[in-house]
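Close look at the chain arrangement
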Amino acid sequence: MSKDDIVETHSMRISRHLEELILDGTLQPGDKVPSERQLVQRLKVSRPMIREALKELRGRGVIETRHGQGSFIIGMLSDVQNQTPLARLYDSHPRLLYDLLEVRELLECEAAGLAAERGTEKDFYKITKAYNAMSVPLNGLNEGKNTPRDIGKSRLHMAQLDHAFHRAIYEASHNPVLVHTLQSLMQLMLNSVMASVSNLYHRDRQKQQIDKHHRQIYNAIIDRKPETAKKVAAEHIRNVRDRMLEIEREEQREERAKIWEQEK
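Thoughts on helix α9 (residues 186–200)
Between its first and last C-alpha, α9 extends 21 Å over 15 residues, near the 21 Å set by a 1.5 Å rise per residue. Across the 15 residues of α9, 11 count as buried, placing the element largely inside the fold. Buried within α9 we find Leu188, Met189, Leu190, Asn191, Ser192, Val193, Ala195, Ser196, Val197, Ser198 and Leu200.

A look at the environment of valine 232
Counting through the fold element by element, valine 232 comes out in helix α11 (residues 226–263). As a C-alpha pair, valine 232 and histidine 213 span 19 residues in sequence and 6.5 Å in three-dimensional space. The residues touching valine 232, leaving out its near neighbours within four places in the chain, are His213, Gln216 and Ile217.

Points about the side chain of histidine 174
Tracing the backbone shows histidine 174 in the loop between α7 (148–171) and α8 (176–184). Overall, histidine 174 belongs to the buried group, its relative accessible area being 14%. At 2.6 Å, the side chain of histidine 174 and the side chain of aspartate 123 are in polar contact.

Examining empty space enclosed by the protein
With the rule as written, the count across this model stands at five cavities of 30 Å³ or more. Reported here for the largest cavity is a volume of approximately 70 Å³. Glu108, Ala111, Ala112, His166, Ile169, Tyr170, Ile217, Ala233, His236 and Ile237 together form the lining of the largest cavity. Of all the secondary structure elements, the ones that give two or more residues to the lining of the largest cavity are α5 (96–118), α7 and α11. Per-class residue counts for the lining of the largest cavity are seven nonpolar, two polar and one charged. Computed from the structure, the second largest cavity encloses a volume of approximately 60 Å³. In terms of lining, the second largest cavity is formed by Leu101, Arg104, Asp162, His166, Ser192, Val193, Ser196, Tyr201, Ile210, His236, Ile237 and Val240. Broken down by secondary-structure element, the contributors of at least two residues to the lining of the second largest cavity are α5, α7, α9 and α11. A breakdown of the residues in the lining of the second largest cavity according to their chemical character gives six nonpolar, four polar and two charged.

Conventions and cut-offs
Residues numbered from 1 in each chain as written. Predicted model: local features only at pLDDT ≥ 70, side-chain atom pairs only at ≥ 80, totals over all residues. Heavy atoms only, no water. Helix = DSSP H or I, 4+ residues; strand = E, 2+ residues; numbered from the N terminus. Expected span 1.5 Å × (residues − 1). Buried < 20%, exposed > 50% of the residue type's maximum accessible area, 1.4 Å probe, protein only. Contact = heavy atoms within 4.5 Å. Polar contact = N/O pair within 3.5 Å; in protein donor to acceptor, adjacent residues only side chain to side chain. 1 Å grid on protein atoms, 1.4 Å probe; cavity = no way out; pocket = protein on both sides within 12 Å on 5 of 7 lines; lining within 4 Å. Points joined across faces, edges and corners; volume = space filled by probe spheres on them. Nonpolar A, V, L, I, M, F, W, Y, C, P; charged D, E, K, R; others polar.

Structural data, given as structure tokens:
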């Protein structure tokens with residue numbers, strides 16, 4: 001085997017090692033790749049091998065090099081378009097909300113369990129940060145004291161914070177296929193959260209139940225209780241779905257009563 005063949009073989013092993021660090025979440029999109037000198041010291045290989053490995057990763061679109069700054073992780077999970085065909089169908093077919101909540105129950109309860117089992121201290125920091133941000137009350141949700149525009153902005157902001165909490169959890173699952181699947185549904189998921197914020201957050205009893213579930217999910221993950229995390233995450237999504245169905249039925253009853261009165 002020639003010297004060039006040896007360099008190529010070792011560089012492939014190095015690039016594969018770095019990819020595994022990305023897949024398991026040790027290196028995440030936006031993270032700076034250690035310098036060549038640092039990689040040489042950590043991996044105990046020559047600088048030409050490191051350069052060849054980084055070149056291979058750049059060629060595959062896993063990292064990008066910024067002049068004067070170094071190399072950064074792009075990630076192996078590409079971003080998806082915000083408005084997918086299914087998301088456009090959602091706008092005109094509200095019943096898809098309940099289909100989406102069924103999928104969220106299946107996937108997010110597993111993500112919560114895996115996060116409790118596999119989450120790192122860095123993951124827990126992100127989950128805690130998202131949980132604390134979501135827990136700050138927003139005055140804009142008070143419909144009696146704010147304009148419709150203020151209410152709309154507050155609802156969207158609250159939905160984004162709620163979704164960020166759930167996203168921090170599924171990213172801590174360290175299952176790239178699960179993360180990619182949920183990322184592909186990102187806009188739909190945000191729409192479903194927006195629906196629950198708009199219909200449930202201004203109802204004290206429902207908001208208290210949602211807050212309780214979020215707190216239980218958070219504590220189960222931080223305390224590394226996978227089965228509890230899975231159970232509460234599933235209960236949370238089911239509760240949202242059931243309450244949304246109750247509201248829909250009540251609105252339908254009111255509409256029928258209104259039509260009946262008009263026909264008298």
